[in-house]
Amino acid sequence: TKQVNIIGILDKRFSVHSYAHLFSSIFLDSQLFYNNDILAFAVDGGPDGVYDKGLYNDWLYVGAWIKKGKIIELFPIESPALMWLKLYKLTGLEEGTLMALGSASECRFRTILKKDLKVFNYAQAEILNEYIEKVYCEIMEVTDDCEDIVDIDPQFSMHENKISAIVKLVNELSIDMMERNIQRAIKKYEIVPEQTYLALSGGFSLNCPINTKIMKRFKKKLLAPPCVNDSGISLGMGLMGFFSALDYVDFELKTAYYGKVIKDDEIQGIMRSKKWGEVINSVTSIDYERAVNDITKEPVIWVNGRAEIGPRALGARSLIGDPRQNEMKDKLNQIKQRQWWRPVAPIILEEKVEEWFENSFPTKYMLNTFYIKEEKKKKVSAILHLDNSARVQTITKKDNKELYYLIRKFYEVTGVPIVCNTSLNDKGQPIINDLENVIRYALAKRIKVVYVNGLRIELNLPTNNSFKVILTTILICVENTTSPGE
C-alpha cells in the first residue's frame, strides 16, 4: 500500500518502473528542475513484469512536461527500445554491437519500406515485434546476388552486411519514433525547444547517435544520469519518494563515481601477501610522464577511486590505450574478445572537444556521438567507427582529477588530448571491482602495468620458459573464483 501511495499524486496509468526512470533524469539537478522547463521521456524496453503487473492500466512508456518544478502533465510516449531488444534476440548481438555494425558497413536494402508503427501498449508492441522479425527473415533469405542489396562491404561477411542493413532500418524507425514524441509535445504544450532541457532515461537512452541527433534543436544540455538503464531504477525510486513526501527536494548527481572504492588496506594486503610475491615486480607512485610512456607501448589497466555507476566505463575501472595507433584498438578488442571492427571510446579533455569533433559539446557520461573533424581523423584512428564517428566522453579536473592529469600529460607529450578507453571486464562479465581480480585479469590478458589509486604496479608476466611463474599464476587464478569479475 505504501508503494502505491508513493505514486498516488501521479497518473496510475503508467508503471512504477517508468516513473523511476523518469525521476532519475528530471531530478539530476534539483536546481534545474525547479527553475527551468523540462521535456522528459522515459524510453525503456518496458515495465517490470512482476512488480508492476496490475498496478497500471494503459501505457508502456511515460513522458512529462515540467515548468519550473511543476509537473504540468504526464503523457504516453513511444519507445524504440523494443525493436532493439527484438533484434538482439534475433541476432544474438547486444544493442551496442548492433549499433556499431550499423555504422561500420554501408550496406542497405533499396526496396524495404519503413512503416510508422506507433507503440503505446502491449498490443501495438506485438505488431511491431512481428514486423521486425518479418523484415529480418526476409532479408536473411535474400540471395547474395539480389539487386536490392547495395553497397556491400567486402570487409564483412554477407551475414554481417545484412545485419548492418537491418540496423539502419531499425535506426530510422527509432529516430522517427523519437521525433514523433518531440513533435507531439511541442505542438500540444507550445514548447520552445531552445529554452527547454531535454531529459532522457531508460535503456534506449544509451543510443548515443540518436541522442545527439534529437539534441540538435535543444540548446540546453541533456539531462541524463550515467545510470540511464535499469541500474538507475533505485536512484529514481528514491527521488520519486522524496518528491511525493516533501515540499522541496535538494539534490544533485555531481558525478558518476559513487561505486565501490579499493581501499588502502586492500592494496597493502596485496603488497604484503606471499601469494602475490611471484607476480608483483614493483610498486611505485604514479609519474604521469612515465604513465604516458606506458600507454604508448601497450594497454594499461586504470583503476582510480570509486567505481562508476551505470553500464559505462568512465575512467575509474578502465583499460586505457593510445588513440593514435590502430593496432591499439586491435589489442584492446583482442583483450575484450570483441569483433575487429569495434572501436574503443575516447576520453577527451572537455576544453578540447570542440577543437576535435564537429558540433560537439560536453558529454561526461558518454551519451553522445560526434564526428571527428576531417583534419584530425588520421591522428586518432583507434577511437573512430568506420564512418568517422566516436562515442565521446569529456572530462574536467573536477570530474576525475587523476585521469584528467594523465590525459593532459598525454596531450603535452603527443599533441593529442585523448586516450582510448574501454571497460575493465571480459566479454559478458561484470566490471572488475576488487584488486585481486584486477591482478588475475592482468595476468590472464598479459597486461604488464596496472595503475591503482595513484600507484603503478608492474607485474612479472609468465614466459614460455618460466614454468614456476606460470604454475603460480594458474594456482592464483583458480583461487576464490566466485568473486565478481571472474
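Further up the page is the structure itself.
It should be emphasised that the depicted structure is a prediction, and the values quoted were computed from it without experimental measurement. (Residues numbered from 1 in each chain as written. Predicted model: local features only at pLDDT ≥ 70, side-chain atom pairs only at ≥ 80, totals over all residues. Heavy atoms only, no water.)

Draft legend 1. Inspection of the sheet that holds strand β11 (residues 345-349) at higher detail. Across the sheet, which stays open at both edges, the ten strands sit in the order β8-β17-β16-β9-β10-β15-β11-β14-β13-β12 with mixed pairing between neighbours. Of all the strands in the sheet, just β8 (280-285) and β12 (357-358) have a single pairing partner and so form its edges. Note that strand β9 (residues 300-303) and strand β10 (residues 317-321) share four bridges and pair antiparallel. By the bridge assignment, Trp-302 is partnered in β10 with Ser-318. Helix-sheet contacts for helix α8 (residues 208-215) involve β13 (368-372) and β14 (389-395), and the interaxial angle to β13 is about 85°. (Pairing = 2+ DSSP bridges. Helix = DSSP H or I, 4+ residues; strand = E, 2+ residues; numbered from the N terminus. Contact = heavy atoms within 4.5 Å. Axes fitted to C-alpha atoms, helices over the stretch in contact; angles between N-to-C directions.)

Draft legend 2. Seen up close, the sheet that holds strand β7 (residues 222-223). Judged by pairing direction, the sheet is mixed, and its five strands sit side by side in the order β3-β2-β1-β6-β7 without closing on themselves. Both outer strands of the open sheet, β3 (70-76) and β7, are each paired with one neighbouring strand and no more. With six bridges connecting them, strand β2 (residues 62-67) and β3 associate as antiparallel partners. Bridge pairing in β3 links Gly-63 to Phe-75. Packed onto the sheet, helix α2 (residues 16-26) meets β1 (37-42), β2, β3, β6 (196-201) and β7 and runs at close to 135° relative to β6.

Draft legend 3. Representation of helix α7 (residues 158-189). With 32 residues, α7 extends 47 Å between its outermost C-alpha atoms, agreeing within 8% with the 46 Å of an ideal straight helix rising 1.5 Å per residue. Note on α7: the residue one or two positions beyond its end, Glu-190, has a positive phi of about 55°. (Expected span 1.5 Å × (residues − 1).)

Draft legend 4. Focus on the pattern of salt bridges. Scanning the model with the defined rule gives 21 salt bridges in all. Across the pair Lys-275 and Glu-436 runs a salt bridge, and its minimum N-O distance is 3.5 Å. Taken together, the positions of Lys-275 in the loop between α10 (264-272) and β8 and Glu-436 in helix α15 (residues 435-445) put the pair 161 residues apart, joining distant regions of the chain. Overall, the relative accessible area of 22% leaves Glu-436 in the partly exposed class. One salt bridge in this structure joins Glu-436 and Arg-440, with 3.3 Å as the shortest N-O distance. (Salt bridge = Lys/Arg side-chain N within 4 Å of Asp/Glu carboxyl O. Buried < 20%, exposed > 50% of the residue type's maximum accessible area, 1.4 Å probe, protein only.)

Draft legend 5. Main features of the packing of helix α6 (residues 122-141) against α7. Axis separation between α6 and α7 bottoms out at 10 Å; the angle between their running directions is 150°. One finds that α6 runs roughly antiparallel with respect to α7. Where α6 crosses over α7, the two elements pack in a sense that is right-handed. In this structure, α6 contributes Leu-128, Tyr-131, Ile-132, Val-135, Tyr-136, Ile-139 and Met-140 to the contact, and α7 contributes His-159, Lys-162, Ile-163, Ile-166, Leu-169, Val-170, Leu-173 and Met-177. Partitioned by chemical class, the residues of the contact of α6 with α7 number 13 nonpolar, one polar and one charged. (Parallel < 35°, antiparallel > 145°, perpendicular 65-115°, else oblique. Left-handed = near helix turned anticlockwise from the far one by under 90°. Nonpolar A, V, L, I, M, F, W, Y, C, P; charged D, E, K, R; others polar.)

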